[in-house]
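Examination of the molecular architecture
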Amino acid sequence: MRFRLALAGALAAGMAAAAPAGATSPSGQNPQQAGLQVALRAQGLYLGPIDAIVGPLTVRAVREFQRSHGLRVTGIADARTRAAMGPLGRPLFGSRTLRPGAFGWDVAVLQYLLVRHGIRVPINAYFDGPTLRGVRAYQRRLHLAPDGVVGPHTLAAFGLQQQIPVRPRTIAVARRYVVRPGESLSAIAQRFRTTVATLARLNHLDPARPLLIGTKLILPAVVRRASPVAATVSNVASVRASLERWAAHYGVDPRLARALAWMESGFNNAMVSPAGARGIMQLLPSTWKYVETVVIGHPVPHTADGNVRVGVAYLHHLLRAFQGNERLALAAWYQGER
C-alpha cells in the first residue's frame, strides 16, 4: 500500500518522465522503464531483472543515483536524473529512428521489446549485430521490409503509432453443389479439381451406385487468404490531443492527466488489465458507470476519446473531493476514496 501511495506521488512529481511515445503490455509493464533499469545497471546500482516494472529495487536504485549525483532524492527518473545518466539516459524510445551503431536508452528499450517478442538479443543499449539481426527477424515476422532500421513502420508495429501489422489470415470456405441431369460423380470431381474418393467420403456415397439428380453434395473446402488485418491501437498524437481537450474542459492540469494516462497504459486504448480495467485511463466498468451516472450525468461512447473523458472527469472528481491535493487524489485513484 505504501508503495502504491509513493507511485501516486511519483505521478504528480515526475510528469517529465511521461514520454510522448510508447506502449504498455497487458501485464502492466512500461517498456520505457527497461531503459531506466539498463542505465541503473550500468551504474552498478540495479542488479534485478530488466522487466520494465518500476518496483522497490528500481526506485531504491534511482534514489541512490540521485543522492550520489547531488540531485533531489525523489526516486523518480525525471529529466534531470536522466540527463545525469549521460548517453544511457536519453533519448526516450520512439523519439528517433534507430539504426545500427546507435547507443542509448531507446536502444535498450528496443532490445527489451525484441526479447519480449521472443527474439533473443543482448540488452546492452548498443545497436550491435545481434540486435540488427533481431530487428530484421521481427520485421520479417510482421511482413515489414527487413531493412534493420527502426523507423515509423517498425515503431508502429511495436504499438507506438497508428497500426500494428498482423499476418494474413487463411479462411476455409465450405461449398455445396446440387447434382444436375447427366452429371456423374467423376465429372463433378474433375470440375471441382478433387477426386471421386474424396466426394464419396464427404457425402457417404457408394461410387458404384447411380448418382441421383438433385442430390446435395458437400465439396472440399477452399482455403482462401484474407487480406492482411491491422490491429488498431491508439494514435499517440490523438490521445494527447484528447487529454489536452478534456483536461481544459474539466479544469485539470494537462500534465497531470498525461502523466496518469501514460503510467496507466502508455496511451494504449487496447490495453485490458487482469482486473478488467480498460483503455487509456484503465477504467473499471463500475468506475465508468459511476462517472456516467453521477459525475457527468449521461452516457459516454466507449471510444478512446470517451475513455479519456471519463478518466479525466473522474480525476477532476477526486481532486475536488480532496481539495486539490494531487497526492491524495492519485492515491484515491488507485486505492479508492475511502
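All values reported here derive from a predicted model rather than from experimental measurement. Counting restarts for each chain: residues are numbered from 1 in the order of the written sequence. Per-residue local features of the predicted model are confined to residues with pLDDT of at least 70, and side-chain atom pairs are confined, for both listing and counting, to 80 or more; whole-chain, interface and lining totals are unaffected and use all residues. As a rule here, side-chain values come from all non-hydrogen atoms in the structure, and water together with hydrogens is ignored.

**Description of the overall build of the protein chain**
A run of H or I in DSSP counts as a helix once it spans at least four residues, and a run of E counts as a strand once it spans at least two, with each numbered from the N terminus. From N to C terminus, the protein chain includes 14 helices and four strands. Across the 338 residues of the protein chain, 46% fall into the buried class. Sequence-distant contacts, at least 24 apart, represent 50% of the contacts inside the protein chain between residues at least 6 apart. Computed with the Shrake-Rupley method and a 1.4 Å probe, the accessible areas treat only the protein chains shown as cover for residues. For the protein chain, the accessible surface area stands at approximately 17400 Å², while carbon and sulfur atoms represent 55% of it. Buried, partly exposed and exposed residues are distinguished by accessible area as a fraction of the type maximum, computed with a 1.4 Å probe on protein chains only: under 20%, between the cut-offs, and over 50%, respectively. Should any heavy atoms of two residues lie within 4.5 Å, those residues are considered in contact.

**Considerations on the confidence of the model for the protein chain**
Each residue gets a pLDDT score, which is the predictor's confidence in that residue and runs from 0 to 100. Taken as a whole, the protein chain shows an average pLDDT of 82; of its residues, 82% reach a score of 70 or greater. Note that residues 1–28 has pLDDT below 50 and, in this model, 76 contacts with residues that lie over four places away or in other chains. The low-confidence segment residues 161–167 (pLDDT under 50) makes 31 contacts with residues lying over four places distant or belonging to another chain.

**Describing helix H14 (residues 326–335)**
Residues of H14 that are buried: Ala-329, Leu-330, Ala-331, Ala-332, Trp-333 and Tyr-334. A side-chain oxygen of the first residue of H14 lies 3.0 Å from the backbone nitrogen of Arg-327; this N-cap is Asn-325. One or two steps after H14, the chain reaches Gly-336, where phi turns positive at roughly 95°. Here a polar contact is recorded for every N or O atom pair within 3.5 Å, except that within protein the pair must consist of a potential hydrogen donor and a potential acceptor, and residues adjacent in sequence are included only if both atoms are side-chain atoms.

**Remarks on the nonpolar core**
By nonpolar core we mean a set of buried residues, namely Ala, Val, Leu, Ile, Met, Phe, Trp, Tyr and Cys, connected to one another through side-chain atoms within 4.5 Å. Of all hydrophobic cores here, the largest spans 39 residues; its most connected members are Leu-40, Phe-93, Leu-98, Leu-110, Leu-114 and Phe-127. Those residues in contact with Leu-98, other than ones at most four positions away along the chain, are Phe-93, Asp-106, Val-107, Leu-110, Phe-127, Gly-148, Val-149 and Val-150.

**Digging into unusual backbone geometry**
A cis amide bond links Arg-90 to the next residue, Pro-91, at an omega of -15°. Following the sequence through the fold, Pro-91 ends up in the loop between helix H4 (79–84) and helix H5 (105–116). Positive phi values are uncommon outside glycine, yet His-204 reaches one of about 55°. With respect to the helices, strands and loops of the structure, His-204 is situated in the loop between helix H9 (196–203) and strand S3 (216–225). By relative accessible area, which is 73% here, His-204 ends up exposed. The residue Gln-282 is not glycine, and still its phi comes out positive at about 55°. Note on Gln-282: relative accessible area 10%, which makes it buried.

**As for the packing of helix H11 (residues 254–265) against helix H13 (residues 304–321)**
The axes are straight lines fitted to the C-alpha atoms, using for helices just the contacting stretch, and the angles between their N-to-C directions are given from 0 to 180°. The contact between H11 and H13 brings their axes to 11 Å, and the two run at 115°. Considering the relative orientation of H11 and H13, their crossing is right-handed. Residue-level inspection shows Leu-256, Ala-257 and Leu-260 of H11 in contact with H13, the latter providing Val-312, Leu-315 and Leu-319. When residue character is reported, Ala, Val, Leu, Ile, Met, Phe, Trp, Tyr, Cys and Pro are called nonpolar, Asp, Glu, Lys and Arg charged, and the others, Gly included, polar. Within the contact of H11 with H13, the residues separate by chemical class into six nonpolar, no polar and no charged. The handedness criterion is simple: a crossing whose near helix is rotated anticlockwise from the far helix by less than a right angle is left-handed, and one whose near helix is rotated clockwise is right-handed.

**Section: the side chain of Ser-265**
The topology assignment puts Ser-265 in helix H11. A relative accessible area of 0% means that Ser-265 is categorised as buried. Here the side chain of Ser-265 touches Ile-280 through a polar contact of 2.7 Å, landing on its backbone oxygen.

**Focus on the side chain of Thr-74**
Following the sequence through the fold, Thr-74 ends up in the loop between helix H3 (56–68) and H4. Look past the residues within four positions of Thr-74 in its chain and what remains in contact with it is Arg-63 and Gln-66.

**A few points about helix H10 (residues 236–250)**
Expected helix span is taken as 1.5 Å per residue step, with the number of steps being one fewer than the number of residues. For H10, which comprises 15 residues, the first-to-last C-alpha distance of 21 Å matches the rise-based estimate of 21 Å (1.5 Å per residue) to within 8%. Those residues of H10 not exposed but buried are Val-236, Val-239, Ser-242, Leu-243, Trp-246, Ala-247 and Tyr-250. All buried residues of H10 project into a common sector of 125° when viewed along the axis, lining one side. Of the residues in H10, the exposed ones pointing more than 90 degrees away from the buried face are Ala-237, Ala-248 and His-249. Structurally, H10 contributes buried residues whose contacts are with H11, helix H12 (285–296) and H13. Gly-251 occupies a position one or two residues after H10 and carries a positive phi of about 70°. Directions from the helix axis toward the C-beta atoms define the arc.

**Overview of the environment of Gln-37**
With respect to the secondary-structure elements, Gln-37 resides in helix H2 (residues 32–42). When its relative accessible area of 0% is taken as the criterion, Gln-37 is described as buried. Sequence separation between Gln-37 and Leu-47 is ten residues; the distance between their C-alpha atoms is 8.8 Å. Contacts of Gln-37, omitting those with residues within four sequence positions, involve Tyr-46, Pro-49, Ile-50, Asp-51, Ala-52, Ile-53 and Thr-58.

**Details of the packing of H10 against H13**
Two numbers describe how H10 lies on H13: the axes approach to 9 Å, and their chain directions differ by 35°. The two elements H10 and H13 cross, and the hand of that crossing is right-handed. Across the interface between the two elements, Ser-242, Leu-243, Arg-245, Trp-246, Ala-247 and Tyr-250 of H10 pack against Asp-305, Val-308, Arg-309, Val-312, Ala-313 and His-316 of H13. Across the contact of H10 with H13, the residue classes tally to seven nonpolar, two polar and three charged.

**Points about the packing of aromatic side chains**
Any pair of aromatic rings gets described here by the distance separating the centres and the angle formed by the planes. Stacked, tilted and edge-to-face are the three classes applied to pairs of Phe, Tyr and Trp rings, where Trp contributes its six-membered ring and a pair requires centres within 6.5 Å; stacked means planes under 30 degrees apart, edge-to-face means over 60, and tilted covers the rest. The full count for this structure, using the stated rule, is four aromatic pairs. With 5.2 Å between their ring centres and 65° between their planes, Tyr-177 and Phe-192 make a pair best called edge-to-face. In this pair, Tyr-177 is assigned in strand S2 (residues 170–178) and Phe-192 in the loop between helix H8 (185–191) and H9, connecting sequence segments 15 residues apart. Note on criteria: charge over ring means Lys NZ or Arg CZ within 6 Å of the ring centre, with the direction from the centre no more than 35 degrees off the ring normal. The cationic tip of Arg-82 hangs over the ring face of Trp-105; the distance from NZ or CZ to the ring centre is 6.0 Å.

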